[in-house]
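Residue-level structural notes
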Amino acid sequence: MSAARKRVAVVGVGTMGSQAAWRLAARGAEVVGYDRFAPGHDRSAAGGETRIFRSAHFEDTRYVPLLQHADVLWEQLQQETGRELRRLTGCLLMGSPEGQQMATVLDSIAEHGLDHDVLDAESLAKRFPQHRLDDGDAVVLDRRAGFIRPELTIQTAARRAEQLGAVIHRYTAVREIVPVANGVEIRTDAGSEHFDAAVVTPGPWVNDLLPDLPWQVDVRRVISAWFMSTAPDAWFGEERPAFIRTSPTHWYGLPSPDGVSVKLGLSQALHRLADDPNQLDRTVRPSELEIYRDLIGRYLPDLCPDPTRLAVYMEGYTESSRPLVGPLPGNENVILLAGFSGHGFKLSPAFGDIAADLALNGSSSQPIDFISTADRVAA
Ligand SMILES: Cc1cc2nc3c(=O)[nH]c(=O)nc-3n(C[C@H](O)[C@H](O)[C@H](O)COP(=O)(O)OP(=O)(O)OC[C@H]3O[C@@H](n4cnc5c(N)ncnc54)[C@H](O)[C@@H]3O)c2cc1C
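Worth saying up front: this structure is predicted, and the values here are computed from it rather than measured. (Residues numbered from 1 in each chain as written. Predicted model: local features only at pLDDT ≥ 70, side-chain atom pairs only at ≥ 80, totals over all residues. Heavy atoms only, no water.)

A few words now on the overall build of the protein chain. Looking only at helices and strands, the protein chain features 9 helices and 20 strands. Relative to the 2.2 N^0.38 estimate, which gives 21 Å for 379 residues, the radius of gyration of the protein chain is 21 Å and therefore close to what a compact globule would have. Within the protein chain, the proportion of its 379 residues that are buried is 58%. A separation of at least 24 residues holds for 75% of the contacts in the protein chain among residues at least 6 apart in sequence. Per element, the accessible surface of the protein chain, about 15600 Å² overall, is 46% carbon and sulfur. (Helix = DSSP H or I, 4+ residues; strand = E, 2+ residues; numbered from the N terminus. Rg over C-alpha atoms; globule rule 2.2 N^0.38 Å. Buried < 20%, exposed > 50% of the residue type's maximum accessible area, 1.4 Å probe, protein only. Contact = heavy atoms within 4.5 Å. Areas by Shrake-Rupley, 256 points an atom, 1.4 Å probe, with all protein chains shown as cover.)

Below you can see the structure in the form of structure tokens.
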């Protein structure tokens, strides 16, 4: 059978699945997607209006070529659909240059010649007076960075896939993925369908759907919190970069598209486990807000520390923070993409493209050895 005629299932049409459906359909595959809800819903890892896109990486410089591939595909998806999915407003990366994360940022900028400005305390105070620094903090403005609209992106990629011939079954949970001769069978409450291959992108439901997964993916409950600014000109003037800071913990913020509020989020270490993705606790307790109050008081004093909006999502984290990308052991026809550990959205078009490579050709020319399932040690 030629690659162009392969029948491929996409299980979970969320962040990664919608992009995989687009890339597979663009290459002529016969694509059938399944989602337990519908593309663009807010009960999973995506939602909350914004995600940060950046060119430099805190975790590992090996992500930079994948970010560059994603960058090209972000532009392509916008051009094909006429939708503004991403706006390049820059992103301030801030923290102690002695720390591993800022060192990786500086390495990725140097190794790949990324477009950036270095700011000292004085120029930061002039250009971005809303921020306070700790002594000795380094500040870099990643210029090819900004925000992405997650709900719009997922719906747009899914619709583009449908325009290219994909069929998406909404409100249809996949119960089982069964390897069979020449492919894989997808079982839902409505019956089962045979495919040549399946791209499996269930996000926080990965352990539910694949209970025998040989790797550990911890599903965590992640809070987003929105705060009003008393100095909107600083946040919403001509320059309105997002920011990521590495101290006293890893945390980030984005001026919201509403033009009045700033969304803040915290690092993995501060998210508690979500025991059951079907019973996500969406209530945020006052004690969970103390850290925001503290960070605002120390670093963003113009924000009013009483949040105007709170939302709770889920995300799968691996121990190394590196996602799992590639075939399941012993089954080349089931391509897993999971465990994006809080940093997958910006890369999602690249991961969708890589999923299409793996499902249609069995390999990818993208540099994915470091995230591949192939050499991953089981938990
Ligand atoms: C609050 C928050 C902020 C973040 N900020 C950033 C950021 O600024 N930048 C960044 O790059 N990344 C960020 N991330 C990470 C990024 O959003 C995630 O890595 C990414 O969304 C994960 O995508 P996914 O496809 O694995 O999961 P999802 O987008 O959750 O998709 C999984 C889909 O599978 C479906 N599904 C599950 N089980 C089944 C089943 N059995 N049958 C059918 N369908 C099923 C679900 O309904 C869902 O639609 C953030 C994450 C969170 C939670």
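From this point, the narrative continues.
What follows deals with the site of the ligand. Lining the immediate environment of the ligand, one finds 34 residues, of which Thr15, Asp35, Ser44, Ile52 and Glu315 sit closest. Here an oxygen atom of the ligand sits 3.0 Å away from a polar atom, N or O, in the main chain of Phe345. Elements with a minimum of two residues in the shell around the ligand: helix H1 (15–26), strand E3 (51–53), strand E14 (218–228) and strand E18 (309–317). No other element matches E18, which puts 3 residues into the shell around the ligand. Of the residues that constitute the shell around the ligand, the class distribution is 17 nonpolar, 12 polar and 5 charged. (Near = heavy atom within 4 Å. Polar contact = N/O pair within 3.5 Å; in protein donor to acceptor, adjacent residues only side chain to side chain. Nonpolar A, V, L, I, M, F, W, Y, C, P; charged D, E, K, R; others polar.)

Let's shift gears to the packing of aromatic side chains. In total, this model carries 9 aromatic pairs according to the counting rule given. Centroid distance Trp251 to Tyr299: 5.8 Å. Interplanar angle 50°. Geometry classified as tilted. Taken together, the residues span a long stretch of sequence, with Trp251 in strand E16 (residues 251–255) and Tyr299 in helix H8 (residues 290–299) at a distance of 48 residues. Each member of the pair Trp251 and Tyr299 is classed as buried. Through pairs of rings, three or more aromatic residues link up here, namely Trp235, Phe243, Trp251 and Tyr299. (Phe/Tyr/Trp six-rings, centres within 6.5 Å; stacked < 30°, edge-to-face > 60°.)

Within a regular strand, side chains alternate between the sheet's two faces. Of all 5 residues that make up strand E7 (residues 138–142), 5 are buried, and the element is covered over most of its length. Of the two faces of E7, both are covered, the one formed by Ala138, Val140 and Asp142 as well as the one formed by Val139 and Leu141. Pairing geometry for strand E5 (residues 91–95) and E7, over 5 bridges, is antiparallel. When the bridges of E7 are listed, Leu92 appears paired with Leu141. Of the pairings in the sheet, the one linking strand E6 (residues 116–119) to E7 comprises 4 bridges and is antiparallel in character. From the neighbouring strand, Val118 faces E7, where its bridge partner is Val140. (Pairing = 2+ DSSP bridges.)

Before going further, it helps to spend a moment on the domain arrangement of the protein chain. If you check the domain split of the protein chain, you get domain 1 (3–47 + 151–212 + 322–371) and domain 2 (51–148 + 218–317). Of note, the centres of domain 1 and domain 2, computed from C-alpha atoms alone, are 27 Å apart. Counting from both sides, the interface comprises 39 residues of domain 1 and, opposite them, 34 residues of domain 2. Buried surface at the junction of domain 1 and domain 2, both sides included, amounts to about 3300 Å², of which 63% is carbon and sulfur. Applying the counting rule to domain 1 against domain 2 returns 1 salt bridge. Residue Glu80 pairs with Arg160 through a salt bridge whose shortest N-O separation is 2.7 Å. Where domain 1 meets domain 2, there are 15 residue pairs in polar contact (both at pLDDT 80 or more). Of the residues contributing to the side of domain 1 that touches domain 2, the split by class is 18 nonpolar, 12 polar and 9 charged. (Domains from an automatic or database assignment. Buried area = accessible area lost by both parts, 1.4 Å probe. Salt bridge = Lys/Arg side-chain N within 4 Å of Asp/Glu carboxyl O.)

Residue position: Tyr252 is located in strand E16. When near neighbours in sequence (up to four residues on either side) are disregarded, Tyr252 contacts Ile52, Phe243, Ile244, Lys263, Leu264, Gly265 and Leu266.

Take unusual backbone geometry next. For the bond from Ser247 to Pro248, the omega torsion is 0°, close enough to zero to count as cis. With respect to the helices and strands, the residue Pro248 is situated in the loop between strand E15 (242–245) and E16. Within the chain, Asn182 stands out as a residue other than glycine whose phi angle is a positive 60°. Assignment of secondary structure puts Asn182 in the loop between strand E10 (174–180) and strand E11 (183–188). A residue is classified by how much of its surface remains accessible, and Asn182, at 68% relative accessible area, is exposed.

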